[in-house]
Amino acid sequence: MQSPLIIALDYAKLDDALAIADLLDPATCRVKVGKELFTAEGPLVLRALRNRGFEVFLDLKFHDIPNTVAKAVLAAADQGVWMVNVHASGGRRMMEAAADILEKHSMKTLLTAVTVLTSLAGSELAEVGITSTIDEQVERLAQLAQASGLDGVVCSAREARRVRQCCGDDFLKVTPGIRPWFAAANDQQRITTPAQALDDGSTHLVIGRPVTQADDPSKALAEVLREIEGH
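If you're wondering where the values come from, they're calculated on a predicted model, not measured in any experiment.

Chemist: I keep staring at unusual backbone geometry and nothing clicks. Help me out?
Modeler: With the exception of glycine, the majority of residues adopt a negative phi angle, and the majority of peptide bonds are in the trans configuration. Positive phi, normally seen in glycine, also occurs at Lys61, with a value near 50°. Structurally, Lys61 is set in strand 3 (residues 56-62). We note that Ser106 has phi near 55°; this positive angle belongs to a residue other than glycine. Inspection of the secondary structure puts Ser106 in the loop between helix 5 (92-104) and strand 5 (110-114). Judged by its relative accessible area of 61%, Ser106 is exposed.

Following this line, the structure appears as structure tokens:
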């Protein structure tokens, strides 16, 4: 069974990201490249990580008109990334356009949609005009993403069980906000441990600072792997 772990390389410079990547084993985890690193370094970072054997989740959360998002998703797939994502709140036509262009070009890149950011609390949804609870909004957007042809969603592990119930086991649930027993919560609101996340239905676990800012990242990764053994 392939490791469910995705290590978030949240850095501004290529050298810093690669210094951490070189302490990790691509056989035990994938890596995530987000907006800061990709904006600073561009496709170079994707090539450097792939050359080291890593499968890369490009986490840019595209949200724009359907044609623009579709072309951006295709451009990401052309870079050989393992997974790319969009915002589900961009709507059905946007998600369908992204899924369709990958299928048209026979791309194997996985396409997921962000539901509700794990940094958001319920009161903040109301401030932007969403009267649903977080659980209701995540379920609605997950079902919309599935109906639009996507491979899965990004949600908090606390909603993974609900997404599994409404969308099935095979629909991917990529869950940030994962905090091993030895880590602090930092700025995440809806967090859980790796083992609990897998029990609740998460298929992939995104972990950043508990590994990348540890005194010994490889040891911290091994600790997380031990925590999830048997799942």
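Additional details are given in the paragraphs that follow.
Chemist: What is the right way to read the environment of Gln2 from this model?
Modeler: With respect to the secondary-structure elements, Gln2 resides in the segment before strand 1 (5-8). Considered as a pair, Gln2 and Arg92 are 90 residues apart in the sequence and their alpha carbons are 31 Å apart. In contact with Gln2, not counting residues within four places along its chain, are Arg30 and Glu55. Reaching out from Gln2, the side chain makes a polar contact with the side chain of Arg30 at a distance of 3.0 Å.

Chemist: Quick question: what am I supposed to make of the pairing of strand 5 here?
Modeler: The side chains of a regular strand alternate, residue by residue, between the two faces of the sheet. Among the five residues that make up strand 5, four are buried, leaving the element largely enclosed by the rest of the structure. In this sheet, strand 5 lies alongside strand 4 (residues 83-87) in parallel orientation, the contact comprising five bridges. Residue pairing in the sheet places Val84 in a bridge with Leu111 of strand 5.

Chemist: Any chance you could explain the UniProt feature "active site" (unreviewed entry) in the protein chain here in plain terms?
Modeler: This chain's UniProt record puts "active site" (unreviewed entry) on Asp59, Lys61 and Asp64. Judged by relative accessible area, Lys61 falls into the partly exposed class, the value being 21%. With near-sequence residues (within four places) excluded, Lys61 lies in contact with Lys35, Asn85, Val86, His87, Val114 and Leu117. A polar atom in the side chain of Lys61 sits 3.0 Å from the side chain of Asp59. Along the chain, the position of Asp64 falls in the loop between strand 3 and helix 4 (66-78). In contact with Asp64, other than residues within four places in its own chain, are Val69 and Met94.

Chemist: Even after reading the chapter, I still don't get the packing of aromatic side chains, so can you show me in this structure?
Modeler: Inspection of the entire model under this criterion finds zero aromatic pairs. When the ring centre of Trp82 is taken as origin, the NZ or CZ atom of Arg30, which lies over that ring, is 4.0 Å away.

Chemist: Any chance you could explain helix 4 here in plain terms?
Modeler: In an α-helix, one turn spans 3.6 residues; hence positions three or four apart end up facing the same way. In this model, helix 4 (13 residues) spans 18 Å end to end at C-alpha, consistent with the 18 Å of a helix rising 1.5 Å per residue. Those residues of helix 4 that fall on the buried side of the exposure criterion are Val69, Ala70, Val73, Leu74, Ala76 and Ala77. Angularly, the buried residues of helix 4 cover 160° about the axis, an arc narrow enough to put them on a single face. Of the exposed residues in helix 4, the ones pointing more than 90 degrees away from its buried face are Lys71 and Asp78. Check the buried side of helix 4 and you find it contacts strand 3, strand 4, helix 5 and strand 5. Taken from the residues just after helix 4, Gly80 is the one with a positive phi, measuring 85°.

Chemist: It is not clear to me how the packing of helix 5 against helix 7 (residues 134-147) should be interpreted in this structure. Could you clarify?
Modeler: How two helices pack is summed up by the angle between their axes together with the distance between the axes. It is at 9 Å that the axes of helix 5 and helix 7 come closest, and there the two elements cross at 40°. Here helix 5 is positioned oblique relative to helix 7, judged by the angle of their axes. In terms of crossing hand, the pair formed by helix 5 and helix 7 is right-handed. Contacts between helix 5 and helix 7 involve Arg92, Met95 and Glu96 from the first element and Leu144, Ala145 and Ala147 from the second. A breakdown of the residues in the contact of helix 5 with helix 7 according to their chemical character gives four nonpolar, no polar and two charged.

Chemist: Please explain the nonpolar core as it appears in this structure.
Modeler: Here is a general trend for soluble globular proteins: nonpolar side chains tend to be buried in one another's company. Of all hydrophobic cores here, the largest spans 66 residues; its most connected members are Leu9, Leu49, Val73, Val86 and Leu111. Broken down by element, this core gets its largest block of residues, seven residues, from helix 5. Leaving out residues up to four positions away in the same chain, Leu9 has contacts with Ala17, Ile20, Ala21, Val31, Lys32, Leu37, Leu49 and Thr212. If you look at the next biggest cluster of nonpolar residues, it comprises ten residues, including Trp82, Val154, Val174 and Val206.

Calculation criteria
- Residues numbered from 1 in each chain as written.
- Predicted model: local features only at pLDDT ≥ 70, side-chain atom pairs only at ≥ 80, totals over all residues.
- Heavy atoms only, no water.
- Helix = DSSP H or I, 4+ residues; strand = E, 2+ residues; numbered from the N terminus.
- Buried < 20%, exposed > 50% of the residue type's maximum accessible area, 1.4 Å probe, protein only.
- Contact = heavy atoms within 4.5 Å.
- Polar contact = N/O pair within 3.5 Å; in protein donor to acceptor, adjacent residues only side chain to side chain.
- Pairing = 2+ DSSP bridges.
- UniProt positions renumbered as here; feature names shortened; annotations may be inferred.
- Phe/Tyr/Trp six-rings, centres within 6.5 Å; stacked < 30°, edge-to-face > 60°.
- Lys NZ or Arg CZ within 6 Å of the ring centre and 35° of its normal.
- Expected span 1.5 Å × (residues − 1).
- Arc of directions from axis to C-beta.
- Axes fitted to C-alpha atoms, helices over the stretch in contact; angles between N-to-C directions.
- Parallel < 35°, antiparallel > 145°, perpendicular 65-115°, else oblique.
- Left-handed = near helix turned anticlockwise from the far one by under 90°.
- Nonpolar A, V, L, I, M, F, W, Y, C, P; charged D, E, K, R; others polar.
- Core = buried A, V, L, I, M, F, W, Y, C linked by side-chain atoms within 4.5 Å.

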